Amino acid sequence: MPRKPNSSRQTRALLAAFSERSQTWRHGYDLSKETGLRSGTLYPLLMRLSEQGLLESRWQDAERPGLPPRHVYRLTAPGLALAREQALAAITAEPAGALA
């Protein structure tokens, strides 16, 4: 049985990055640059979220000959729902004066 998704800062950052372009296939290097997560944190999160059904993954052929294929990821419907739920929770948890 897969673990329940956690709501760590790193997980929230990753889900937020995915939710901005929810239907776009994203590769790890792109996500690492956007979120600032290092590979030792990012790839275990990607694998865990995939195992939990929140991300789908596939191999994408290289854009140029001679390069290896890339593993790419995108949100599933439950993943997008969780990302939206966490974004809403973050907004409602902000102190009243933080938005001013």
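Residues numbered from 1 in each chain as written. Predicted model: local features only at pLDDT ≥ 70, side-chain atom pairs only at ≥ 80, totals over all residues. Heavy atoms only, no water.

**A closer look at the environment of Thr41**
Thinking step 1. You can see Thr41 is positioned in helix H3 (residues 39-51).
Thinking step 2. Overall, the relative accessible area of 34% leaves Thr41 in the partly exposed class.
Thinking step 3. For the pair formed by Thr41 and Thr11, sequence separation is 30 residues and the distance between their alpha carbons is 9.5 Å. (Helix = DSSP H or I, 4+ residues; strand = E, 2+ residues; numbered from the N terminus. Buried < 20%, exposed > 50% of the residue type's maximum accessible area, 1.4 Å probe, protein only.)

**Description of the pairing of strand E3 (residues 70-75)**
Thinking step 1. Where strand E1 (residues 26-27) lies against E3, two bridges are found, and the strand directions are antiparallel. Each residue of the ladder has a partner; that of Arg26, found in E3, is Tyr73.
Thinking step 2. Alignment of strand E2 (residues 55-60) against E3, held across six bridges, turns out to be antiparallel. Considered in E3, the bridge of Arg58 is made with Val72. (Pairing = 2+ DSSP bridges.)

**Looking at the packing of helix H1 (residues 9-20) against helix H2 (residues 28-35)**
Thinking step 1. Where H1 contacts H2, the axes come no closer than 10 Å and their chain directions differ by 110°. By the angle class used here, H1 and H2 are roughly perpendicular. As for the relative orientation of H1 and H2, their crossing is right-handed in sense. Contact residues: Ala13, Leu14, Ala17, Phe18 and Glu20 in H1; Leu31, Glu34 and Thr35 in H2.
Thinking step 2. Partitioned by chemical class, the residues of the contact of H1 with H2 number five nonpolar, one polar and two charged. (Axes fitted to C-alpha atoms, helices over the stretch in contact; angles between N-to-C directions. Parallel < 35°, antiparallel > 145°, perpendicular 65-115°, else oblique. Left-handed = near helix turned anticlockwise from the far one by under 90°. Contact = heavy atoms within 4.5 Å. Nonpolar A, V, L, I, M, F, W, Y, C, P; charged D, E, K, R; others polar.)

**Some words on the side chain of His27**
Thinking step 1. In this fold, His27 is placed in strand E1.
Thinking step 2. Discounting chain neighbours no more than four positions away, the residues touching His27 are Arg70, His71 and Val72.

**Description of H3**
Count 3.6 residues to each turn of an α-helix, and residues three or four apart come out pointing the same way.
Thinking step 1. Taking 1.5 Å per residue as the helical rise, H3 with its 13 residues ought to reach 18 Å, and the 18 Å between its terminal C-alpha atoms agrees with that figure.
Thinking step 2. Buried-residue contacts for H3 involve H1, H2, E2 and E3.
Thinking step 3. Two residues or fewer after H3 comes Gly53, characterised by a positive phi angle close to 80°. (Expected span 1.5 Å × (residues − 1).)

Bear in mind that shape data such as this cannot, by itself, settle questions of function.
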